[in-house]
Amino acid sequence: MGAGGRMSVPPSPKKLESEILKRVPYSKPPFTLGQVKKAIPPHCFERSVLRSFSYVIQDLTFAFIFYYIATNYFHLLPCPLSYVAWPIYWSLQGCVLTGVWVIAHECGHHAFSDYQWLDDTVGFILHSFLLVPYFSWKHSHRRHHSNTASLERDEVFVPKKKSNIRWFTKYLNNPLGRLLTLIITLTLGWPIYLAFNVSGRPYDRFASHYDPYGPIYTDRERMEIYMSDIGVLTVSYGLYRLAVAKGLAWVVCVYGVPLLVVNAFLVMITYLQHTHPSLPHYDSSEWDWLRGALATVDRDYGILNKVFHNITDTHVAHHLFSTMPHYNAMEATAAIKPILGEYYQFDGTPFYKAMWREAKECIYVEPDDRDQSKGVYWYKSKF
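Sequence order sets the numbering: in each chain, residues are counted from 1 along the sequence as written. A pLDDT threshold of at least 70 governs which residues receive local features in this predicted model, and a stricter bar of 80 or more applies before side-chain atom pairs are shown or counted, although totals over entire chains, interfaces and linings include all residues. Based on all heavy atoms of the structure, the side-chain values leave hydrogens and waters out of the count.

**Some points on the sheet that holds strand β4 (residues 364-366)**
Step number 1: Two strands make a pair as long as DSSP finds a minimum of two bridges between them. Helix and strand definitions follow DSSP, with helices as H or I runs of at least four residues and strands as E runs of at least two, each counted in order from the N terminus. One open sheet holds the three strands; their spatial order is β1-β5-β4, and the pairing between them is antiparallel. Sheet topology places β1 (280-282) and β4 at the edges, where each strand pairs with a single neighbour. Averaged over all adjacent pairs, the angle separating strand axes in this sheet is 40°, with direction ignored.
Step number 2: As judged from the three bridges shared by β1 and strand β5 (residues 376-380), these two strands associate in the antiparallel manner. Within β5, the position partnered with P280 by the bridge is W378. The angle between two axes is taken between their N-to-C directions and runs from 0 to 180 degrees, where each axis is a line fitted to C-alpha atoms and a helix contributes only its stretch in contact.

Here is the structure:
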């Protein structure tokens with residue numbers, strides 16, 4: 001059996017930190033994916049074009065309202081109030097656009113509708129407007145889902161073994177170093193991952209999401225990588241023309257800063273979904289798809305769970321059934337908890353506290369000396 005686990009219900013706020021951080025089972029689970037699927041009501045797998053588009057319309061409506069208020073009324077405010085109004089706009093707009101990002105992510109999983117061409121069209125448009133190369137990320141993200149928690153083949157947030165960490169890592173293992181690391185990760189993490197594959201799977205040569213000939217992609221995917229690049233370049237040119245017409249400060253305030261908020265939330269959400277002291281990682285001697293998919297954790301972002309279309313608190317179900325639409329994921333999560341039992345991971349720690357804790361505790365991975373399963377790796381922080 002594994003190294004222990006937790007109950008299948010979310011921990012209460014009063015639950016001890018030691019219980020929250022208790023390692024989850026890592027042995028082969030006593031259930032199959034088919035058994036888990038049978039526990040989910042069949043309608044949860046049904047995708048509705050109308051319902052999916054209703055969330056697109058909802059998010060874009062809120063985004064337009066915030067944009068309209070900011071561009072038509074903020075300049076009428078006295079200076080002290082404008083310094084308050086703009087940060088509020090950036091926060092609200094960034095959160096709403098993160099929801100738009102999540103819908104585009106669903107399109108990449110074919111969870112938006114029954115029509116692949118429609119999913120790709122909607123996802124391409126939405127992601128391009130957020131400067132995301134849609135097809136490029138769709139393909140690498142699919143490989144992440146195919147290889148979750150594999151130290152050799154996972155695509156993103158692949159933890160380093162102790163023997164492979166950089167020499168300066170131990171000097172950043174202090175409050176100031178962690179703060180600096182988190183600031184850089186949340187502001188630059190997403191663009192440098194796309195451009196340089198930082199924190200991604202190691203390849204034998206330069207890898208970039210913008211390179212159609214890079215090692216991330218196959219020959220069959222090359223044309224779609226070109227299309228993704230064209231989408232990002234087209235939107236970038238549009239932003240340039242806006243900057244010429246209205247000024248760089250206008251573009252930065254209306255679009256640039258909210259996009260930074262989107263990128264920060266994206267990195268935080270993804271990081272916290274796959275980084276937790278209780279989660280195992282596996283080398284090729286131990287890894288299998290089901291155990292890898294279960295090596296994820298649901299988190300609680302409060303009201304932002306709904307704003308982010310529950311990508312935060314239904315991530316375990318998402319990794320098991322990625323074509324399921326987000327609006328059915330809560331019902332599916334409730335249905336699978338009794339089946340998963342100790343294999344279901346939930347941490348209700350506020351995300352800002354969890355981000356700091358994980359940055360402190362999850363520095364590298366290595367197997368336990370006392371454990372006979374040498375292919376199972378756990379997060380550690382001691383040097």
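**A closer look at the side chain of H319**
Step number 1: Residue placement: H319 occurs in helix α12 (residues 315-320).
Step number 2: A distance of 3.5 Å separates polar atoms of two side chains, one belonging to H319 and the other to H144.
Step number 3: Setting aside residues no more than four positions away along its own chain, H319 makes contact with H144, H145, T148, H274, W289, A293 and T296. Polar contacts, as used here, are pairs of N or O atoms within 3.5 Å; protein pairs need one atom able to donate a hydrogen and one able to accept it. Residues neighboring in sequence count only if both atoms are side-chain atoms. Note on contacts: a residue pair qualifies if any of its non-hydrogen atoms lie within 4.5 Å across the two residues.

**A word on empty space enclosed by the protein**
Step number 1: Here a cavity denotes grid points, spaced 1 Å and computed from the protein atoms alone, that fit a 1.4 Å probe unable to get out, and a pocket denotes an open set having protein on both sides within 12 Å along at least 5 of 7 lines; residues with an atom within 4 Å of a point are the lining. Grid points are joined across faces, edges and corners, and a volume is the space filled by probe spheres set on the points. Scanning the model with the defined rule gives two cavities of 30 Å³ or more in all.
Step number 2: Roughly 110 Å³ of volume is contained in the largest cavity.
Step number 3: Taken together, 14 residues form the lining of the largest cavity, with E106, T314, H318, H326 and A329 sitting closest to its centre.
Step number 4: Mapped onto the lining of the largest cavity, the elements with two or more residues apiece are α4 (79-108) and α12.
Step number 5: Broken down by element, the lining of the largest cavity gets its largest block of residues, three residues, from α4.
Step number 6: Size it by volume and the second largest cavity reaches roughly 50 Å³.
Step number 7: Lining of the second largest cavity is provided by V24, P25, P280, Y282, R291, L294, A295, Y343 and Q345.
Step number 8: Where the lining of the second largest cavity is concerned, the elements lending two or more residues are β1 and α10 (289-294).
Step number 9: Three classes are used: nonpolar for Ala, Val, Leu, Ile, Met, Phe, Trp, Tyr, Cys and Pro, charged for Asp, Glu, Lys and Arg, and polar for all others, with Gly counted as polar. For the lining of the second largest cavity, a count of residues per class yields seven nonpolar, one polar and one charged.

**Focus on the pattern of salt bridges**
Step number 1: In the sections that follow, a salt bridge refers to a side-chain nitrogen of Lys or Arg positioned within 4 Å of a carboxyl oxygen of Asp or Glu. According to the stated counting rule, one finds 16 salt bridges in the structure shown.
Step number 2: With its nearest N and O atoms 2.8 Å apart, the salt bridge here joins R291 to D288. The burial state of R291 is the same as that of D288; both residues are buried.
Step number 3: Here E358 ties to R299 by a salt bridge, and the two come within 2.8 Å at their closest N and O atoms. On the criterion of sequence distance, the pair formed by E358 in helix α14 (residues 351-361) and R299 in strand β2 (residues 298-299) is long-range, its members being 59 residues apart.
Step number 4: Think of it in three bands: residues with accessible area under 20% of the maximum for their type are buried, residues over 50% are exposed, and the middle band is partly exposed, with areas taken using a 1.4 Å probe on protein chains only. R299 sits in the buried class, given a relative accessible area of 2%.

**Re the pairing of β5**
Step number 1: With four of its five residues buried, β5 lies for the most part within the structure.
Step number 2: Direction of pairing for β4 relative to β5: antiparallel, over a ladder of three bridges. Bridge pairing in β5 links E366 to W378.

**Structural notes on the packing of helix α9 (residues 248-274) against α14**
Step number 1: Running from amino to carboxyl end, α9 crosses α14 at an angle of 65°, the nearest separation of the two axes being 11 Å. The chirality of how α9 crosses α14 is left-handed. Facing F265, M268, Y271 and L272 of α9, the residues of α14 in contact are F351, A354, M355, E358 and A359.
Step number 2: Residue classes in the contact of α9 with α14 are distributed as eight nonpolar, no polar and one charged. If you view the pair so one helix is near and one far, a crossing is left-handed when the near helix is turned anticlockwise from the far one by less than a right angle, and right-handed when it is turned clockwise.

**Considering the packing of α4 against α9**
Step number 1: Contact geometry of α4 with α9 gives a least axis separation of 7 Å together with a crossing angle of 55°. Relative to α9, the element α4 is oriented oblique. Crossing handedness for the pair α4 and α9: right-handed. Within the contact between the two elements, α4 uses W86, Y89, W90, Q93, G94, C95, L97, T98 and W101 and α9 uses C253, V254, V257, P258, V261, V262, F265, L266 and I269.
Step number 2: Residues of the contact of α4 with α9, tallied by class, amount to 15 nonpolar, three polar and no charged. For classification, angles of less than 35 degrees are called roughly parallel, those exceeding 145 degrees roughly antiparallel, those between 65 and 115 degrees roughly perpendicular, and all remaining angles oblique.

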